[in-house]
Amino acid sequence: FQPTRETTPPILYYDLQGASGATGGVPKGARVAVHYDLKFRSVTVGTSRQGAGVTGGTPIGFTVGQPAGEPGGPFIQAFNEGIKGMGVGTVRRMIVPPEYAYGPNEVMEIPANGTVTLDLELLSVAKDPITRGVKGAQE
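Values in this document were obtained by computation on a predicted structure and should not be read as measured data.

Turning next to the overall build of the chain. The helix and strand inventory of the chain stands at one helix and seven strands. Start at the N end of the chain and walk to the C end: the helices and strands fall as β-β-β-β-β-α-β-β. Counting all 139 residues of the chain, 40% fall into the buried class. Excluding contacts between residues fewer than 6 apart, the proportion of contacts in the chain whose partners are at least 24 apart in sequence is 60%. Put simply, the chain shows about 7,700 Å² of open surface, and 51% of that area lies on carbon and sulfur atoms.

Below, the structure written as structure tokens:
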């Protein structure tokens, strides 16, 4: 595992599939679709992979950089931090400190100030329907 560059304490990550890094990748403001698995002590407490279909489950979407818990944003900040440097098809495992998860809040089986494991798979990055480019990307 290696630390992300812009988080203190650091989110530790390892790419299980695909080649990427801690910078670059999806620009802020882009809308993405991901599959995720959220675990606490090896017990899955949240996943987008349950359900019918060939791949199973329904991906979730969020706008990169939108604060966690706000409309259009992810439900924990680790999504915004962990997606940096990922390309479509990358699967990343992260060890997420409470500052980027639920903090002092108890959520399901996760105690206050609990560290979680988040697996994130970047499925797609939405393109702007007018410019046909990725919103927020440098031209």
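Before going further, it helps to examine the packing of aromatic side chains. With the rule as written, the count across this model stands at five aromatic pairs. Between the aromatic rings of Y36 and F75, the centroid separation amounts to 5.3 Å while the plane-to-plane angle is 65°, which identifies the pairing as edge-to-face. Here Y36 is found in strand β3 (residues 31–40), whereas its partner F75 is found in the loop between β5 (60–63) and α1 (78–82), with 39 residues between them in sequence. Judged by its relative accessible area of 10%, Y36 is buried. A relative accessible area of 33% places F75 in the partly exposed class. An aromatic cluster of three or more residues is present, and its members are Y36, F62, F75 and F79. Between the NZ or CZ atom of R92 and the centre of the ring of Y13, over which it lies, the distance is 4.2 Å.

To continue, consider a nonpolar patch on the surface. Together, F1, L12, Y14 and L16 make up an exposed nonpolar region whose accessible area comes to about 400 Å². For F1, the location among the structural elements is in the segment before β1 (2–3).

What the rule picks out here adds up to six salt bridges. A salt bridge links R49 to D37; the nearest nitrogen and oxygen atoms lie 3.2 Å apart. Taken together, the residues R49 in the loop between β4 (43–47) and β5 and D37 in strand β3 connect sequence positions 12 residues apart. Here D119 and R93 are joined by a salt bridge, their closest N and O atoms 2.8 Å apart. In this pair, D119 is assigned in strand β7 (residues 116–125) and R93 in strand β6 (residues 91–96), connecting sequence segments 26 residues apart. Via salt bridges that share partners, E6, E81 and K84 belong to a single interconnected network.

In this structure, L38, I83 and V96 are the most contacted members of the largest nonpolar core, which totals 27 residues. For this core, the elements supplying multiple residues, two or more each, are β3, α1, β6 and β7. Beyond its immediate sequence surroundings of up to four residues, L38 is in contact with V43, T44, V45, G46, F75, I76, Y102, I110, V116, T117 and L118.

Here G18 shows up in the loop between β2 (12–17) and β3. For G18, a relative accessible area of 48% corresponds to the partly exposed category. Along the backbone, G18 and V88 are 70 residues apart, and their C-alpha atoms lie at a distance of 8.5 Å.

About the thresholds
- Within any chain, residue numbers begin from 1 and follow the written order of that chain's sequence.
- Residues qualify for local features only when their pLDDT is at least 70, as the model is predicted, and side-chain atom pairs are given and counted only at 80 or more; totals for whole chains, interfaces and linings, by contrast, use all residues.
- Each side-chain value is derived from all of the structure's non-hydrogen atoms; neither hydrogens nor water enter the calculation.
- Strands are runs of DSSP state E lasting at least two residues, helices are runs of H or I lasting at least four, and both sets are numbered from the N terminus onward.
- Accessible area is worked out with a 1.4 Å probe on protein chains only. A residue is then buried under 20% of its type maximum, exposed over 50%, and partly exposed in between.
- We call two residues contacting when some pair of their heavy atoms lies within 4.5 Å.
- For accessible areas, the Shrake-Rupley method is used with a probe of radius 1.4 Å. Any residue's cover is judged against the shown protein chains and nothing else.
- Pairing of aromatic side chains requires ring centres within 6.5 Å, counting the rings of Phe and Tyr and the six-membered ring of Trp. Pairs whose planes differ by under 30 degrees are stacked, by over 60 edge-to-face, and all others tilted.
- Criterion for a charge above a ring: Arg CZ or Lys NZ at most 6 Å from the ring centre, at most 35 degrees from the ring normal.
- Each patch is built from residues that are more than 30% exposed by relative accessible area and take part in no salt bridge. Like charges join if they lie within 9 Å; nonpolar side chains (Val, Leu, Ile, Met, Phe, Trp, Tyr) join within 5 Å.
- Salt bridges, as used here, are contacts in which a Lys or Arg side-chain nitrogen is within 4 Å of a carboxyl oxygen on Asp or Glu.
- For this analysis, a nonpolar core means a set of buried residues of the types Ala, Val, Leu, Ile, Met, Phe, Trp, Tyr and Cys, connected via side-chain atoms within 4.5 Å.

None of the figures reported here should be taken as evidence of function without further support.
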